[in-house]
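Here's the letter readout for the chains.
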Amino acid sequence: MFQNGAWNRYLPTLTIFDDAFVDANICPGLSVDAEHRENLHELIVGAQGSRRQARNFFQPPGRVFLTAQAVHIGYFDARTPAPMADRGEAMSIESFDANESSVKIVDALRRDGGVIVRNLAPAAQIDAVADELGPQLGRFAEGKRTDFSGRKTLRCHGVLRYAPSASALIAHRMVLDVADAILLPFCADYQVGSMTGIEILPGESDQQLHRDDTPYPMCLAGLELQIGVMWALTDFTAENGATRVVPGSHRFLRAWHRPDLSHVVPAVMPKGSALLYLGSTWHGGGANRSQAARTGLINTYSLGWLRPENNNTLEVPPEVAKRYDETVRRLLGYASHGDGQDRLGAFHGSDPVWVAKARKGSDAVARGQVPPTADARQQSSP
Ligand SMILES: O=C(O)CCC(=O)C(=O)O
């Protein structure tokens, strides 16, 4: 039910919207003409969802429609947004033990935009990654640091070139299960977007809050473009710069409305834990008010038909990548996306680094990319 500017509960299976629903819930009291209705439909189903169309639809100004995960939809008055708590939205992020089922973790991630899994990797594995990354942190030359990347923050990009132990975190089964659930409805396979070691030194200030999916100039309702995973290589505390997350902020389409960014919570977690968050979730590094460095490894995974944030086949060139197994090589982009009619990024030569087999279970028909018949055009012709 839509009441006092908010939905009274999360609607995980709501995918069909008919006129009666729209009249009763989305635009009560507004006259919605055919053009608006069409635009609304396109926005919901993601047929186009362009900013221009959304602007056409949202009249009078101040009314904002928002949706996320193809399963959650609501709207509110942008001029007088109720505090998030009043709208029954998330004020914190849930924290699970490592043995929790990925289904519960995915549910929490979809609901809140972020979730912590405690002690997901053993200390020895984390220490090995930290040892390999240690000498590389700071590769991001001082002169190249910006207010956004942090003046007192060290970074190392393309970590699989330098830190082979990081492959166990990048291809961690739990992480891939979550990525499968969030991303595979929209692509045949996903790739790593970036792999960055980040050490926040004492004295660093809060990083600007941001979404990771902004390089992609599109906001299609219901389509999540990427997820991020921040591994704690040291304990993350509120004092030492734990990543700050705005719970529920993934439900806001960025072009039309910003969430209340004051509702930010630090992802406090012990070393070896991971914060998983959506590409649409507002977050940022924290100020380090402690005496010691806070070190993390942040990996993003994006839909396989998008250009990844970093050029991973150069960051981790074939001679290095060939040391990794097929799963990792595929994540790095040494494989085509999809097969047959939805194939992208094909390679017609041969090289041992290349993963020739398409991902198992890759089903373009299920995603609606390919007509269910072998040749729909032929069928529809007289
Ligand atoms: O260091 C962190 O906690 C987050 C960093 C981040 O989000 C970024 O640099 O894009």
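Going by the structure above, here's the rest.
Residues numbered from 1 in each chain as written. Predicted model: local features only at pLDDT ≥ 70, side-chain atom pairs only at ≥ 80, totals over all residues.

Caption draft 1: Broad picture of helix α4 (residues 102-112). The complete set of buried residues in α4 reads I105, A108, L109, R110, R111 and D112. If you follow the buried residues of α4, they end up packed against β5 (94-97), β6 (114-118), α7 (173-183) and β12 (274-278). Backbone geometry just after α4 places G113 at a positive phi near 90°. (Buried ≥ 20, exposed ≤ 12 C-beta atoms within 10 Å, placed from the backbone. Helix = DSSP H or I, 4+ residues; strand = E, 2+ residues; numbered from the N terminus. Contact = placed C-beta atoms within 7 Å.)

Caption draft 2: Broad picture of helix α5 (residues 123-133). Of all the positions in α5, only I126, V129, A130 and L133 are classed as buried. Relative to the axis of α5, the buried residues are bounded by an arc of 100° and lie together on one face. More than 90 degrees from the buried face of α5, the exposed residues found are A124 and D131. Turning to α5, the residues buried within the fold contact β7 (153-157), α6 (167-170), β8 (190-200) and β14 (294-303). (Arc of directions from axis to C-beta.)

Caption draft 3: Quick peek at the nonpolar core. Counting residues in hydrophobic clusters, the biggest one holds 74 residues, and the most contacted among them are I227 and L276. It is α7 that provides the largest number of residues to this core, a total of six residues. Leave out the neighbours within four places in its chain, and L276 touches L109, G114, V115, V117, V178, I227 and V229. (Core = buried A, V, L, I, M, F, W, Y, C linked by C-beta atoms within 7 Å.)

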